[in-house]
Amino acid sequence: MELQLGKQKRMMYARVFDRTEEETCSVDAVVPDALGDIGAIVVTEGTFCLWNLDFSDKSAQIEGSVAADVVYAEEGGALRSFPVELPVKVRIGGETLSPDVRPWLRCTLAALDARAVNSRKVRVTARLSLCLRAYRETELALTDRIEGDGGTVFTRTETLRVQVPVSVEEKTFTVSETHRFTAGQPEADRLLCHTETVLLDDVSVVGSRVILQGRVCAAVSYLQQGQMCPTVETFETQFSQMLDCPADTSPCLLHTTVNLTAAYLNVSAAADGAALEAEYHLVAQTVCLADAEVDCVTDAYCNTAELTLERETVPAGTVQPGEPLRLSAEGTLACEAGALTVVSRRAVVCGLTEDGCDVLVRLLVTDAEQRVSCMEKRLHLPLEAADGARLELLSVQPEEPAVTVTADGFLIRVTVTARTAALQEPGFRQVTGATAQERACPYASVPSLTIVRWGGEDLWALAKRYCSSEQLIRETNGLTDEAAMAEPPQYLLIPKTQA
C-alpha cells in the first residue's frame, strides 16, 4: 500500500537566531589643549550610531560608535565640554548564522559614564544592550491529508492558526530640519552636549507597504553668553517612511526598529537668532507577521494496514498586539533638595527586559553658588503578563519625569507608554510521514458488529480500536454533535468497515 501526504505550503521567514548581549567599551581621552583642567565632571551625554551589520558563516559583526560629550567644570567653576568617540565592534557567534539571513537589531545605550583619571584625562565607559534576531526565508509545509492507493486512510485533523513572519525588510533614509533656539543663543555658537533618541509613533500597513511615522528627539545643552548655568532645549525632527512588504497576505503585526547611523548637529547664527541645523541618518528594519490557518493531520489509521506515523512539533505561536500600556514607577534621590534648583529633567529608556523596562532619570541641578551637578536615578517599570502569555515590549516612550521636593530629597515619578504583544507558544503535533504494512489482524479478528457500553469515550479512539470509522459510528447510532451532547446513548453499535 502506497501512501501520499498532501502538503499545504507557503513561504515564510523562520527566526533562526535570537540573542541579547551586553557589550562594554571604554576609551581614555585627553582634554584638548585649548581647555582648562578638570575640576569636576558634571555629566556625560551620548548616542550610539550603528555603522555596519554583516553576517558570515556562524557569526555576525556589529560595528558602530558611541558619540559622547564630556561636560566638566574647571577649577573656577566655568563649564567646558569636549567630544569623545568610543568605537564599538562586536562579534556574535551562532551556528545558524550565514550571509543569507536577514537582520533585526535593537540597540540600547544602557549606561554611559566618565571618570577623571587626572586633571587632563578622563576614562569614558559605555554599556550597550544589543538584541539581535536573524531570519531565513523558508517554506512552511503542513500535512493536510493522507491518501492511499490500496485502502482508505482515516485522518484526524485540527485547525492550526499561527502568525508567521512573511516579510523582513530594511531601509536606510535621511531626515533633516532647522530649529530655532527659543531660550537664547549658544555661546561661541557651539553646544555643550547633545543626545538623540529615536521614537516610533505609529507603524501601519497600507496595501503592500509598511508606513513608519516617528521622530528623532535631540536634547541639547548650551551656555548663553556670560552664563554659568546651562540652558537645555529639546528639538524634534519628524520622519515618515514607506517600506515595501512583498507578502501574499496582509500582515497583522509588525516588529519594527529604527536605529540611528549618524547624527550631525551644527549651530548657525543669523540676524533673527541662532538656529540648530540637524541631519540624521537612520536605518529601519521591519518584520511583518501574517495569519496562517490550515487543517493539519494529527493522527491517522487504516483498517486493513498497519500505519507507522512520524510526527513533529510545529512552533504554533500566536502573537496578538495589545492595547498601549501606561507604566509608572517612583523612587527618591537622597539629597538636600531644598537647597537645589532643578535646571532640567529627562527620562530615557536604558534597558528592555522580559519583565519590563529600565528608565534612567537624569536631573541637572544648581546650588546656591550656581554650581552645576548631575543626579541620576534608575527605575524599573515591571510588565506583567496575563493568561499564561509572554508579553514582548515593541516600543517604550517615556514622558517628562515629575520631580517633587521632600524631606528626604527629590521624589521622582516616571511614566512611560508601552506598546506590547502577547506571545502564546503552545506547540502543535502534526503528522509529517506515514508508511503502511499490510496486515491480516486485527481486522480479521474483529467481529462485523461490536456493542460497547459508552461512557463518552472519544469516537475516533473507538473507531480505531474496532476497525470502523467515526462517521460510520455516528450514522449507525443516529448521532449528531447536538444529540451526542444532549442525550448520549448508553450503548453504541460499532460496525466494522474496510473503507
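Computed from a predicted structure; not experimentally measured.

Thresholds, definitions, all that
Residues numbered from 1 in each chain as written. Predicted model: local features only at pLDDT ≥ 70, side-chain atom pairs only at ≥ 80, totals over all residues. Heavy atoms only, no water. Helix = DSSP H or I, 4+ residues; strand = E, 2+ residues; numbered from the N terminus. Rg over C-alpha atoms; globule rule 2.2 N^0.38 Å. Buried < 20%, exposed > 50% of the residue type's maximum accessible area, 1.4 Å probe, protein only. Contact = heavy atoms within 4.5 Å. Pairing = 2+ DSSP bridges. Axes fitted to C-alpha atoms, helices over the stretch in contact; angles between N-to-C directions. Salt bridge = Lys/Arg side-chain N within 4 Å of Asp/Glu carboxyl O. Disulfide = S-S within 2.5 Å. Phe/Tyr/Trp six-rings, centres within 6.5 Å; stacked < 30°, edge-to-face > 60°. Lys NZ or Arg CZ within 6 Å of the ring centre and 35° of its normal. Core = buried A, V, L, I, M, F, W, Y, C linked by side-chain atoms within 4.5 Å. Polar contact = N/O pair within 3.5 Å; in protein donor to acceptor, adjacent residues only side chain to side chain. pLDDT = per-residue confidence, 0-100. Patch = residues over 30% accessible without salt bridge, like charges linked within 9 Å, V, L, I, M, F, W, Y side chains within 5 Å. Areas by Shrake-Rupley, 256 points an atom, 1.4 Å probe, with all protein chains shown as cover.

Here we take up the overall build of the chain. Broken down by element type, the chain carries 3 helices and 24 strands. At 32 Å, the chain has a C-alpha radius of gyration far larger than the 23 Å of a compact globule built from 499 residues. Expressed along its principal axes, the backbone C-alpha trace of the chain runs to roughly 105 × 50 × 45 Å. Looking at the chain as a whole, 47% of its 499 residues are labelled buried. Sequence separation of 24 or more characterises 77% of the internal contacts of the chain that already satisfy a separation of 6 or more.

What follows covers the sheet that holds strand E9 (residues 209-222). Taking strand neighbours across the sheet as the criterion, the 3 strands line up as E8-E9-E10 in an open arrangement whose pairing is antiparallel. Edge strands, defined here as strands with exactly one partner in the open sheet, are strand E8 (193-206) and strand E10 (231-244). Between one strand and the next, the sheet's axes are offset by a mean angle of 15 degrees, whatever the strand orientation. Two elements, E8 and E9, share 13 bridges in a ladder whose sense is antiparallel. Counterpart to Ser-204 in the pairing with E9 is Ile-211.

Let's shift gears to the pattern of salt bridges. The tally for this structure, following the rule as stated, stands at 30 salt bridges. Arg-371 is paired through a salt bridge with Asp-367; the nearest N and O atoms lie 2.9 Å apart.

Now for the state of the cysteines. In a disulfide, the sulfur atoms of two cysteines are held together by a covalent bond. Throughout the structure, instances matching the rule amount to 0 disulfides. Between Cys-49, a cysteine without a disulfide, and Cys-107, which holds the nearest cysteine sulfur, the sulfur-to-sulfur distance is 10 Å. Look at Cys-49 and you get buried, because its relative accessible area is 7%. You can see Cys-350 has no disulfide; the closest cysteine sulfur is in Cys-357, sitting 8.6 Å from it.

Counted under the stated rule, the structure contains 6 aromatic pairs. Ring geometry for Phe-173 versus Phe-239: centroids 5.5 Å apart, planes at 50 degrees, classification tilted. With a gap of 66 residues between them, Phe-173 in strand E7 (residues 154-180) and Phe-239 in strand E10 connect regions that are remote in the sequence. Side by side, Phe-173 and Phe-239 carry an identical accessibility label, which is buried. The ring of Trp-104 has Arg-133 lying over it, and the distance from NZ or CZ to the ring centre is 4.7 Å.

Looking now at the sheet that holds E7. Judged by pairing direction, the sheet is antiparallel, and its 3 strands sit side by side in the order E7-E12-E11 without closing on themselves. For this open sheet the edge positions go to E7 and strand E11 (253-268), each flanked by a neighbour on one side alone. The sheet shows a mean angle of 5 degrees between the axes of neighbouring strands, taken without regard to direction. In the sheet, E7 pairs with strand E12 (residues 275-301) via 26 bridges, with the strands oriented antiparallel. When the bridges of E12 are listed, Val-164 appears paired with Ala-290.

It is worth spelling out the nonpolar core at this point. Core analysis: the largest hydrophobic core is formed by 41 residues, its most contacted members being Phe-181, Val-210, Leu-212, Val-258, Tyr-280 and Leu-282. Elements with a minimum of two residues in this core: strand E6 (121-148), E7, E8, E9, E10, E11 and E12. Considering every element that reaches this core, the biggest residue donor is E12, with 10 residues. Once residues lying within four places of it in the same chain are set aside, the contact partners of Val-258 are Phe-173, Val-198, Leu-200, Leu-212, Phe-239, Leu-282, Val-283 and Ala-284.

Turning to the side chain of Ser-469, a few remarks are in order. Here Ser-469 shows up in the loop between helix H1 (459-465) and helix H2 (470-477). At 3.1 Å, the side chain of Ser-469 forms a polar contact with the backbone nitrogen of Leu-472. Beyond its immediate sequence surroundings of up to four residues, Ser-469 is in contact with Phe-154, Tyr-301, Ala-463 and Thr-497.

Turning our attention to the side chain of His-255. Structurally, His-255 is set in strand E11. Ignoring sequence-local partners within four residues, the contact set of His-255 consists of Trp-104, Arg-133, Gln-285, Thr-286, Val-287, Glu-392 and Leu-394.

Counting buried residues along E12, 21 of its 27 residues qualify, which places the element largely inside the surrounding structure. Where E11 meets E12, 15 bridges bridge the pair, whose relative direction is antiparallel. The partner of Val-267 across the bridge, within E12, is Leu-276.

Quick look at unusual backbone geometry now. Only a minority of non-glycine residues have a phi that is not negative, and only a minority of peptide bonds are not trans. Positive phi, normally seen in glycine, also occurs at Gln-370, with a value near 65 degrees. Residue placement: Gln-370 occurs in the loop between strand E17 (356-366) and strand E18 (372-382). Looking at Gln-370, the relative accessible area reads 38%, which means it is partly exposed. Positive phi, close to 55 degrees, is recorded for Cys-467, a residue that is not glycine. The residue Cys-467 is located in the loop between H1 and H2 in this model.

In this fold, Cys-193 is placed in strand E8. Judged by its relative accessible area of 4%, Cys-193 falls in the buried class. Counting along the chain gives 29 residues from Cys-193 to Tyr-222, while the straight-line C-alpha distance between them is 7.1 Å. The residues contacting Cys-193, other than those within four sequence positions of it, are Glu-45, Asp-69, Val-71, Ala-219, Val-220 and Ser-221.

Moving on to the confidence of the model for the chain. This prediction gives the chain a mean pLDDT of 90; 97% of its residues lie at or above 70. Per-element confidence in the chain ranges from a low mean pLDDT of 59 for helix H3 (residues 481-486) to a high of 97 for strand E3 (residues 59-73).

A cluster of nonpolar side chains, contributed by Leu-449, Ile-451, Tyr-491 and Leu-493, occupies part of the molecular surface with about 390 Å² of accessible area. Assessed through its relative accessible area of 44%, Tyr-491 is described here as partly exposed.

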